[in-house]
Protein chains: 2
Amino acid sequence: MSGQTNRRIDGKRLWDSLMDMARFGATPKGGVKRLTLTDIDRQGRDHFRARCEAAGLTVRVDAIGNMFARRPGRDPARLPVLMGSHLDSQPSGGKFDGALGVIAGLEVMHSLNDLGIETEAPIELVNWTDEEGSRFGHSLMGSGTWAGIHALDYVYGLKDVEGISVKDALEGIGYAGPEPAKPFPADAYFELHIEQGPILEAEGKQIGIVTGGQAQVWYDAVVIGQDSHAGTTPPRARRDALVGAARIIDLVDRLMRARGEDGRGTVGELHVIPNSRNVVPGEVRFSVEFRHPDPAEIETLAATFPAEATALAEAAGTRLTLKELFRIPAQPFAPDCVDLVRQAAARLGYSAREIVSGAGHDAIFVAQHVPTAMIFTPCKDGLSHNEAESIEPEEAAAGCQVLFEAVVARANRKL
Amino acid sequence: MSGQTNRRIDGKRLWDSLMDMARFGATPKGGVKRLTLTDIDRQGRDHFRARCEAAGLTVRVDAIGNMFARRPGRDPARLPVLMGSHLDSQPSGGKFDGALGVIAGLEVMHSLNDLGIETEAPIELVNWTDEEGSRFGHSLMGSGTWAGIHALDYVYGLKDVEGISVKDALEGIGYAGPEPAKPFPADAYFELHIEQGPILEAEGKQIGIVTGGQAQVWYDAVVIGQDSHAGTTPPRARRDALVGAARIIDLVDRLMRARGEDGRGTVGELHVIPNSRNVVPGEVRFSVEFRHPDPAEIETLAATFPAEATALAEAAGTRLTLKELFRIPAQPFAPDCVDLVRQAAARLGYSAREIVSGAGHDAIFVAQHVPTAMIFTPCKDGLSHNEAESIEPEEAAAGCQVLFEAVVARANRKL
């Protein structure tokens, strides 16, 4: 097995290919605006298809626009090993979020060709439709439809702010494919992605061995008090909704920290009514979310947070209405696939640590049907969903090499 | 003196006159929209002038549009006793805020005529221009210019959102008067006004004996952290500006309550940036104000609040920038004028209590030059700056009767 460290992906070709893909929807600030199912997305997809076909891959497209580029294995009866990510971007996105996983997969294919390697199992490179969800309001749309989370007709009917439906947009760019959008048997799925967080960079780690996705619970909260004159209303008569909300914001932060460094608790969006300098606020609407890799922690939080928050609101003379929007179960990744990532990083001498994915990814849905693992690279300042999103060429190359090792090892494993 | 309780203002005529004035700018919800220096304001002023002249008063107008309606006294050498308030309203205002003090003064004049009373000193009824400040951004504009707080040229140059200047608007409605807008010697000033707060109603008091205006300090606050992904950013890496701001909001409330029922501390306006559900907030901008009748309390607050708030921001990994916008000194009213109000309420058998004005009023500026007192009436639910603002006819009549007593006693006092 040690001979495999001689079989290297081409870091320069990888970086050039990343910069090449970044031309589609390039912004003046060095980012990418390549919204799903727009003409810019079409150009990016066409370019990707051309690169795949030039590498000898056979490309097929399913009914929700997911693209699959297949490299045959020696044994066509074996289930394929999948790798990939997404080529669509945020409105003010960067060059690497999603594109890294797809273009690194393309580099794996090129390297397999250059090295004359024939794997036992076929390998397929995937571009999932609309991972970001900025345009039609449903992130992980392509992988979610494939995985059976969403019905195709439902997704076809989703509309953007201009009233254009997914179906019309998909057909408009020529990517409503003939393949059914449903899970097919596959042996494994590996996704390389930037961390979109600060941990790997802070700890000087080159590779994140991703063990799974977090359990989450999301709420909409409304605190109702009574608006009144800031100068004439004495303390005893106040029902200040912002004071009530402030104490709940503090509670969310304390609950997060009580669960150690794995916990996440955030109030990200907040609106004050009437939001006027000399009016004691009568109403505050805000979002609350908790995340944790251990679903039991989320269950505990969901059982206790509402009552604690309600008590804080009442102590401020206000009333809390808390609406749970959804709960997402934790999604552990397949231990044997995660092991392949761990072993590859060790074999290659990369510093690595286990990490839970803090963000949603196509891998979370694919994992419901296919043994899955993810590989993280650091990103500068943990910044993503931002035109300044940035990684080093060496970091991209290291992630791609780990992807290569894991995919090849899995495709050649003894059944 | 007890004979004076037989000399009564006409409660019905008062109420009819209030409803009559409320026709100018009447809204479907029963409120008033009579913005300063609009044509509706002109109609209200013309109506007021006509009523004054019909009551035998001589009306003069100064350069900022303040109107003075004079009833001669027996001794023209004596300084006049002033009474009044403002006829302009909020955009969604009520029928009583400001109009009560002016129309009640008109009722005082009518009653003096009906009762054949000649006072020693002249009496002048005042309509101050633009108390509300909604249109040109400067509340207490007319009284402030008269009192020398603002230079006339500066005020003339203020513009509304459509770019119309005060000067042009004033001249457009024909109320740029020939009298200089500057303080003239006067013996006293009495202003009747609704409380705009909940205290009198809650305690079942008919009359508020207003002892002065509060000291105030106003700030703009900005808490800066770092926006980051809500799912991928662990607790230790967070610099959550909303958590920092929330703790400062709680501090403001605690500091208010530590000072008993006379304190006021409010965060009324707040903006979160970027204000997105799954982004840890990087910046929060908000207003802070404190009020207290005792200026020493405001001095103490202004000395300690910045450091305490800064410490809270830093403990949350954020940075606070606090900008003091202004400090308003407490304005005690003249004890002998306040006494006249107290004695009148007692003589008339009205339940009364001393109260500090929580809102700004023209009287606060006039008091810098003229011995001043205010009389408050209750208002339903303490509601004001709202079309549903409401008082009972008996409450209006009681306030007007106290105004009558105090003005007549002052105008007839032995020098």
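Criteria and thresholds
- Residues numbered from 1 in each chain as written.
- Chains lettered and ligands numbered in written order.
- Predicted model: local features only at pLDDT ≥ 70, side-chain atom pairs only at ≥ 80, totals over all residues.
- Heavy atoms only, no water.
- Helix = DSSP H or I, 4+ residues; strand = E, 2+ residues; numbered from the N terminus.
- Contact = heavy atoms within 4.5 Å.
- Areas by Shrake-Rupley, 256 points an atom, 1.4 Å probe, with all protein chains shown as cover.
- Lys, Arg positive; Asp, Glu negative; His and termini not counted.
- Charge placed at Lys NZ, Arg CZ, Asp CG, Glu CD.
- Buried < 20%, exposed > 50% of the residue type's maximum accessible area, 1.4 Å probe, protein only.
- Domains from an automatic or database assignment.
- Buried area = accessible area lost by both parts, 1.4 Å probe.
- Salt bridge = Lys/Arg side-chain N within 4 Å of Asp/Glu carboxyl O.
- Polar contact = N/O pair within 3.5 Å; in protein donor to acceptor, adjacent residues only side chain to side chain.
- Nonpolar A, V, L, I, M, F, W, Y, C, P; charged D, E, K, R; others polar.
- Pairing = 2+ DSSP bridges.
- Right-handed = clockwise from strand over helix to strand, strands pointing away.
- 1 Å grid on protein atoms, 1.4 Å probe; cavity = no way out; pocket = protein on both sides within 12 Å on 5 of 7 lines; lining within 4 Å.
- Points joined across faces, edges and corners; volume = space filled by probe spheres on them.
- Least-squares fit on C-alpha atoms with pLDDT ≥ 70 in both.

1. Describing the overall build of chain A
- A tally of regular secondary structure across chain A gives 12 helices and 16 strands.
- The principal-axis extents of the C-alpha atoms in chain A amount to approximately 80 × 45 × 40 Å.
- Considering only intrachain contacts with a sequence separation of at least 6, the fraction spanning at least 24 residues in chain A is 80%.
- Total accessible area on chain A is roughly 15,000 Å²; 51% of this is exposed by carbon and sulfur atoms.
- With 44 positive and 57 negative side-chain charges, chain A shows a spacing of 1 Å between the two charge centroids.

2. Quick look at unusual backbone geometry
Residue and element names in this part refer to chain A.
- Here I273 and P274 are connected by a cis peptide whose omega angle stands at 5 degrees.
- Residue position: P274 is located in the loop between β10 (270-273) and β11 (279-280).
- Residue D381 is not a glycine yet carries a positive backbone phi of 60 degrees.
- As for its position among the elements, D381 is in the loop between β16 (372-377) and α12 (393-411).
- Judged by relative accessible area, D381 falls into the exposed class, the value being 53%.
- Unusually for a residue other than glycine, H385 sits at a positive phi of about 50 degrees.
- A residue is classified by how much of its surface remains accessible, and H385, at 35% relative accessible area, is partly exposed.

3. Re the domain arrangement of chain A
All names here are of chain A.
- Splitting chain A by domain gives domain 1 (11-213 + 330-411) and domain 2 (215-328).
- A C-alpha centroid distance of 36 Å is found between domain 1 and domain 2.
- Domain 1 puts 6 residues into the contact, and the matching count from domain 2 is 6 residues.
- When domain 1 packs against domain 2, close to 410 Å² is buried across both sides, 55% of that on carbon and sulfur atoms.
- Considering only the side of domain 1, the residues that lose the most area to domain 2 are A330, V356 and G358, jointly responsible for 75% of the buried surface there.
- Linking domain 1 with domain 2 are 0 salt bridges.
- Summed over the shared surface of domain 1 and domain 2, the number is 1 residue pair in polar contact (both at pLDDT 80 or more).
- When grouped by side-chain class, the residues that make up the side of domain 1 that touches domain 2 number 4 nonpolar, 2 polar and no charged.

4. Quick look at the pairing of strand β3 (residues 81-85) of chain A
Residues and elements named next belong to chain A.
- Most of β3 sits inside the fold, with 5 of its 5 residues counted as buried.
- Burial along β3 is two-sided: the face carrying V81, M83 and S85 and the face carrying L82 and G84 are both buried.
- Sheet topology places β3 next to strand β4 (residues 123-127); 5 bridges connect them, and they run parallel. Within the sheet, the bridge partner assigned to G84 lies in β4 and is V126.
- Handedness of the β3-helix α3 (residues 99-114)-β4 crossover: right-handed.
- Judged from the 3 bridges that link them, β3 and strand β5 (residues 188-194) form a sheet pairing that is parallel. The residue of β5 that forms the bridge with M83 is F190.

5. Notes on empty space enclosed by the protein
All names here are of chain A.
- Scanning the entire structure with this criterion turns up 4 cavities of 30 Å³ or more.
- There is about 50 Å³ of room inside the largest cavity.
- Lining the largest cavity are 13 residues, and of these R34, G94, K95, D97 and A99 lie nearest its centre.
- Considering only residue class, the lining of the largest cavity consists of 5 nonpolar, 4 polar and 4 charged.

6. Section: the relation of the copies chain B and chain A
- Of the two same-sequence chains, chain B is brought onto chain A (RMSD 0.1 Å, axial shift 0.0 Å) by a rotation of 179 degrees. The superposition of one copy onto the other is thereby described by a two-fold rotation axis. Considering only C-alpha atoms, the part of chain B nearest the rotation axis is B:A246, at 2.3 Å.
- When the interface residues of chain B are mapped onto chain A, 100% of them are again interface residues, pointing to one common binding face.

7. Comments concerning the pattern of salt bridges
- All chains considered together, the criterion is met by 64 salt bridges over all chains.
- Between B:D250 and A:R247 there is a salt bridge; the shortest N-O distance is 2.7 Å. Separated into two different chains, B:D250 in helix α8 (residues 241-257) and A:R247 in helix α8 (residues 241-258) make up a pair that spans both.
- B:R257 is the salt-bridge partner of B:D253, the closest N and O atoms lying 2.9 Å from each other. Placement of the pair is B:D253 and B:R257 together in helix α8, with a separation of 4 residues, close to one helical turn.

8. Remarks on the interface of chain B and chain A
- Contact residues are listed per partner, giving 55 residues for chain B and 55 residues for chain A.
- The junction of chain B with chain A conceals about 4,600 Å² of combined surface from both sides, 53% of it contributed by carbon and sulfur atoms.
- Our count for the contact surface shared by chain B and chain A stands at 8 salt bridges.
- Salt-bridge contacts for B:E261 lead to A:R236; the nearest nitrogen and oxygen are separated by 3.8 Å.
- Counting across the interface, chain B meets chain A through 28 residue pairs in polar contact (both at pLDDT 80 or more).
- Broken down by secondary-structure element, the contributors of at least two residues to the side of chain B that touches chain A are α7 (199-203), β7 (215-224), α8, β9 (264-266), β10 (270-273), β11 (279-280) and β12 (283-292) of chain B.
- Counting residues per element, the side of chain B that touches chain A draws most heavily on α8(B), at 9 residues.
- Grouping the constituent residues of the side of chain B that touches chain A by class yields 22 nonpolar, 18 polar and 15 charged.

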